[in-house]
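Each chain, letter by letter, is given below.
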Amino acid sequence: MTQDIPKTPLLDRIAGPSDLRQMPDDTLALLADELRAEVISVVSETGGHLGSSLGVVELSVAIHAVFNTPMDKLVWDVGHQCYPHKILTGRRDRIRTLRQKDGLSGFTKRSESQHDPFGAAHSSTSISAALGFAVGRDMGQATGDAIAVIGDGAISAGLAYEALNNAGAEGRRLFVILNDNEMSIAPPVGAMSSYLSRMYASEPLARVASLAEGFEAALPAPMRDGARRARQLVTGLTGSGTLFEELGFQYVGPIDGHDMGQLLAVLRAARTRATGPVLIHCCTVKGKGYAPAEDAADKGHGVSKFDPMTGAQAKSSGGAPSYTSVFGQALSDEAARDERVVAVTAAMPDGTGVSKMAERFPGRVFDVGIAEQHAVTFAAGMAASGLRPFCAIYSTFLQRAYDQVVHDVALQGLPVRFAIDRAGLVGADGATHAGAFDIGYLGNLPGMTVMAASDEADLVHMVATAAAHDAGPIAFRYPRGAGTGAELPERGRVMEIGKGRVIEEGSDVAILSFGAHLFECRVAADMLVEEGISVTVADARFAKPLDTDLLMQLVRHHRALITVEQGAMGGFGSIVMHELARRGAFDRGLAIRNICLPDRIIEQASPAQMYEAAGMTAGDIADAIRRVAVPGGARVVPLRGV
Ligand SMILES: Cc1ncc(C[n+]2csc(CCOP(=O)(O)OP(=O)(O)O)c2C)c(N)n1
Ligand SMILES: CC(=O)[C@@H](O)[C@H](O)COP(=O)(O)O
Ligand SMILES: [Mg+2]
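Note that the coordinates shown come from a computational prediction; the quantities given were computed from them, not determined experimentally. Every chain's residues receive numbers from 1 upward, in the order its sequence appears when written. Written order determines the labels here, with chains lettered from A and ligands numbered from 1. Only residues with pLDDT of 70 or above have their local features reported here, since the model is predicted, and side-chain atom pairs are shown and tallied only from 80 upward, although totals for entire chains, interfaces and linings are computed over all residues. Processing note: side-chain calculations cover all non-hydrogen atoms of the structure and skip hydrogens and water entirely.

Caption draft 1: How the structure looks around the coordination of the magnesium ion (ligand 3). Here the magnesium ion (ligand 3) is held by the protein donor atoms Asp152 (OD), Asn181 (OD1) and Met183 (O), which lie 2.0 to 2.2 Å from it. Only nitrogen, oxygen and sulfur atoms count as donors, using a 2.8 Å cut-off from the metal that widens to 3.2 Å for Na, K and Ca. Water is left out, so coordination shells may look unfilled. Sequence spacing among the residues donating to the magnesium ion (ligand 3) works out to D-x28-N-x1-M. The pair formed by asparagine 181 and methionine 183 is uniform in burial state, with each residue classed as buried. To sort residues, take the accessible area from a 1.4 Å probe on protein chains only and compare it with the maximum for the residue type: under 20% means buried, over 50% means exposed, and anything in between is partly exposed.

Caption draft 2: How the structure looks around the UniProt feature "domain: Transketolase-like pyrimidine-binding" (unreviewed entry) in the chain. UniProt positions are given in the numbering used here, feature names are shortened, and annotations may be inferred rather than shown by experiment. With numbering matched to this structure, UniProt assigns "domain: Transketolase-like pyrimidine-binding" (unreviewed entry) to residues 321–486. Along residues 321–486 the backbone is 43% helical and 15% strand, and the end-to-end C-alpha distance reaches 10 Å. Going along the chain from the N terminus, every DSSP run of H or I of four or more residues is numbered as a helix, and every run of E of two or more is numbered as a strand.

Caption draft 3: Main features of the side chain of histidine 301. You can see histidine 301 is positioned in the loop between helix H13 (291–294) and helix H14 (323–337). In protein, a polar contact requires one atom able to donate a hydrogen and another able to accept it; more generally it is a pair of N or O atoms within 3.5 Å, and residues adjacent in sequence count only if both atoms are side-chain atoms. Separated by 3.0 Å, the side chains of histidine 301 and lysine 286 make a polar contact. Contacts were defined at the residue level, with two residues in contact if any of their heavy atoms lie within 4.5 Å. Beyond its immediate chain neighbours, meaning those up to four positions away, histidine 301 contacts Gly48, His49, Leu50, Gly51, Ser52, His80, Ser184, Ile185 and Lys286.

Caption draft 4: Structural context of unusual backbone geometry. Between threonine 69 and the following residue, proline 70, the backbone shows a cis peptide bond with an omega angle of 5°. Tracing the chain through its elements places proline 70 in the loop between helix H4 (57–66) and strand E1 (73–76). For the bond running from lysine 544 to proline 545, omega is -10°, close enough to zero to count as cis. Within the secondary structure, proline 545 is located in the loop between strand E15 (542–544) and helix H23 (548–556). The backbone of valine 78 shows a phi angle near 70°, a positive value even though the residue is not glycine. Within the secondary structure, valine 78 is located in the loop between E1 and helix H5 (83–91). Among the residues examined, valine 78 registers a relative accessible area of 13% and is labelled buried. Positioned with a positive phi, arginine 99 is a non-glycine residue whose angle comes to about 65°. When you line up the elements, arginine 99 lands in the loop between H5 and helix H6 (126–138). For arginine 99, a relative accessible area of 15% puts it in the buried group.

Caption draft 5: The sheet that holds strand E11 (residues 474–477), seen in detail. Only strands that DSSP links by at least two bridges are regarded as paired with each other. Spatially, seven strands are ordered E7-E6-E8-E9-E11-E10-E15 in an open sheet, and the strand pairing comes out mixed. Unpaired on one side and paired on the other, strand E7 (365–367) and E15 mark the two borders of the sheet. When strand polarity is set aside, the average angle formed by the axes of neighbouring strands in this sheet is 20°. Pairing analysis gives three bridges linking strand E8 (residues 388–392) to strand E9 (residues 417–420), with the strands arranged parallel. Bridging across to E9, cysteine 391 finds its partner in phenylalanine 418. In this analysis an axis means a line fitted to C-alpha atoms, helices contributing only their contacting stretch, and an angle means the value between N-to-C directions, from 0 to 180 degrees. Of the strands in this sheet, strand E6 (341–345), E8, E9 and E11 touch H14, which is tilted by about 145° from E6.

Caption draft 6: View of the site of ligand 1. Note on definitions. A residue lies near a molecule or strand when any single heavy atom of the residue is within 4 Å of it. Taken together, 23 residues lie around ligand 1, and His80, Ala121, Gly153, Lys286 and Glu372 are the ones closest in. Residue aspartate 152 places a side-chain N or O atom 3.1 Å away from an oxygen atom belonging to ligand 1. In the model, an oxygen atom of ligand 1 is placed 2.9 Å from a nitrogen or oxygen of the alanine 154 main chain. Using a 1.4 Å probe, the Shrake-Rupley method yields the accessible areas, and only the shown protein chains count as cover for residues. Coverage of ligand 1 by the protein amounts to 97% of the 590 Å² it exposes when considered alone. Residue composition of the shell around ligand 1, by class: nine nonpolar, ten polar and four charged. Polarity classes work like this: nonpolar for Ala, Val, Leu, Ile, Met, Phe, Trp, Tyr, Cys and Pro, charged for Asp, Glu, Lys and Arg, and polar for all others, with Gly in that last group.

Caption draft 7: Main features of the environment of glutamine 609. Among the secondary structure elements, glutamine 609 is positioned in helix H25 (residues 607–613). On the accessibility criterion, glutamine 609 (33% relative accessible area) is partly exposed. It is 9.9 Å that separates the C-alpha atoms of glutamine 609 and leucine 425, two residues lying 184 residues apart in sequence. Here the side chain of glutamine 609 touches serine 606 through a polar contact of 2.9 Å, landing on its backbone nitrogen.

Caption draft 8: View of the packing of aromatic side chains. What counts as a ring pair is set by centres within 6.5 Å for rings of Phe, Tyr and Trp (its six-membered ring), and what kind of pair is set by the plane angle: stacked under 30 degrees, edge-to-face over 60, tilted for all other angles. Applying the stated rule across the entire model yields eleven aromatic pairs. Judged by centre distance (6.3 Å) and plane angle (70°), the ring pair of phenylalanine 390 and phenylalanine 476 falls under edge-to-face. Placement of phenylalanine 390 in strand E8 and of phenylalanine 476 in strand E11 is noted, with a sequence separation of 86 residues between them. Given the relative accessible area of 0%, phenylalanine 390 is considered buried. Take phenylalanine 476: its relative accessible area is 0%, and that puts it in the buried class. Grouping aromatic residues by their ring pairs yields a cluster made of Phe327, Phe390, Phe476 and Tyr478.

Caption draft 9: Main features of a nonpolar patch on the surface. Patch definition: residues above 30% relative accessible area lacking any salt bridge, with like charges linked at up to 9 Å and the nonpolar side chains Val, Leu, Ile, Met, Phe, Trp and Tyr linked at up to 5 Å. Put simply, a salt bridge is a Lys or Arg side-chain nitrogen that is within 4 Å of an Asp or Glu carboxyl oxygen. A cluster of nonpolar side chains, contributed by Phe519, Val523 and Met527, occupies part of the molecular surface with about 240 Å² of accessible area. Looking at where methionine 527 falls in the secondary structure, it is placed in helix H22 (residues 518–529).

Caption draft 10: Representation of the site of ligand 2. Residues in close proximity to ligand 2 total 13 residues, the closest being Tyr394, Arg422, Asp429, His433 and Arg480. Between ligand 2 and arginine 480 there is a distance of 2.7 Å, counted from an oxygen atom to a side-chain nitrogen or oxygen. With the chains in place, 85% of the 360 Å² that ligand 2 exposes on its own is no longer accessible. For the shell around ligand 2, the per-class residue count stands at six nonpolar, four polar and three charged.

Caption draft 11: Structural context of the pairing of strand E3 (residues 174–180). When you tally the buried positions in E3, you get seven out of seven residues, the bulk of the element. Of the two faces of E3, the one lined by Leu174, Val176, Leu178 and Asp180 and the one lined by Phe175, Ile177 and Asn179 are each fully buried. Examined bridge by bridge, strand E2 (residues 146–151) and E3 share five bridges and lie parallel to one another. Among the inter-strand pairings, glycine 151 is bridged to a residue of E3, identified as asparagine 179. We call a crossover right-handed when, viewed with both strands directed away from the observer, the connection leading from the first strand over the helix to the second proceeds clockwise. Each parallel crossover has a hand, and for E2 linked through helix H7 (residues 158–170) to E3 it is right-handed. Here seven bridges tie E3 to strand E5 (residues 277–283), and the two strands are oriented parallel to one another. Residue pairing for E5: leucine 178 is matched across the bridge by histidine 281.

Here is the structure:
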């Protein structure tokens, strides 16, 4: 749907932050209003992270007005809130390509602009990166101040504490702006969240900058008394000082993150007087200024295209239920049958679908905040106690907890169940969110069982199989988005571990598929029937343990074998080739091809466009089959007797 582009005479004058720094303060508030209207207009056409971006409109204007960006390095945490920043930093002309093929990234990205000094998308990295820039400055590199903007959700992650702890000890001049909107994706959880809320909710004057001694003098007179009272209140609230002061930061706040005057005064005071690390506690509203977002339960965290007049989002095309919703229901059903089943999520109850189980069994679903490392070891402890924990974490975010998977789960053989959503290429979130590596990083762990659902019916069976599997850790992966429309079983069946299945019998070439690309494999096989090429299609179901009987049957009775997986090199295909090499299958010239993600970054687009860029369409699979099926296409000797 098209809609009138809002009139933005002030924004039209901004080619970059230097233009913004020429504007008088009272104009900046008006500029922010225009910027907010632009963000709403843009995201109504592109979809994306609306609520987070609306929450930092004033903050984005004020930071660029006070600091000398891009010489001063502005590092956004997660980066999903960067749309105002991108509009102000010379990318307004491309902002309506956001999150699309060949368009602007939905996160900050170094290759996109000098105003994006550090890429993001995975949370809680900004303080570490900003400290790195501060050290660079102090050692003579051509860089100015370092400013990290981190949300109340992101600061709940361990990585943020590691950085705060080190920055406080280093004592270098560094600015950390805590963007506290009392929301993560879901309502925030954890002790830090309630601590921040106590500060935020203190008497109204606490909204006025409560500045450390050194800053009060820099404030306009009317604010000085309030600042003094608020500072006393804040320090009184927590004994000797705020947590941040205990860590070596000067604490400034809480301030109103939508009051341009406060923001400019506090940022200028901080920039003028800071000699060490400063944390500025900014209180904002997620979805600020757009009622459909402010009123939404998720504050418009991630929206599809919408009608800006009403906020009504474009409906998905209906059709098959999502893998996520099928998982959530299957998990909830398993929990109903077995009280030992519990679930852990790292701040993504809805995204992972465990919220479905939480509706029925609220005491058995644990949202630990953005804390994947803790989530895994927490689940390991639960497993060790005799519970049956499902640790539901997107493939890409599980990367953050790899040592916990190895050290706390696999080496101890603890039966943690890993529900790995967003396996494969995910679309608009791009490369930072690709679920590309989990087959490889799990498949090489002794005792780990690794499954991949070929459709949503199989997913139901895998949930039941995982629930029943106490012999050791087990993982099952499935893609983002809608299923294939497969009929769902009433109840999941516990599958035999390590058993695959033949889907279609052929005689020339065998495809051994792992996961949801089975659909494309079957389309490819159908394409070749007319060409007289007969293809067997098999579903491995398990990457570990492999169904070696099935594998050897395929290589003994076909001219060639092709493996297919929605993952990077070093995954399923490698596991298969390792097994074949171990058996000497290559000694007699077996023809084998691996179809997987290429060894390069696949940038954001629709999932279909991304798989096309990866060379993994049904047509690509058919081409690979042709090249080995046609006599002379490959030196192929049927491997009798291997
Ligand atoms: C390591 C990691 N885990 C989970 C996510 C998913 N995620 C993206 S934004 C977000 C919430 C961030 O909350 P906050 O920092 O408060 O930012 P806000 O959206 O409120 O502006 C989460 C959990 C992520 N990006 N990175
Ligand atoms: C910014 C972030 O990391 C999350 O909001 C992520 O974009 C959610 O991904 P899904 O939309 O696949 O749940
Ligand atoms: Mg937040």
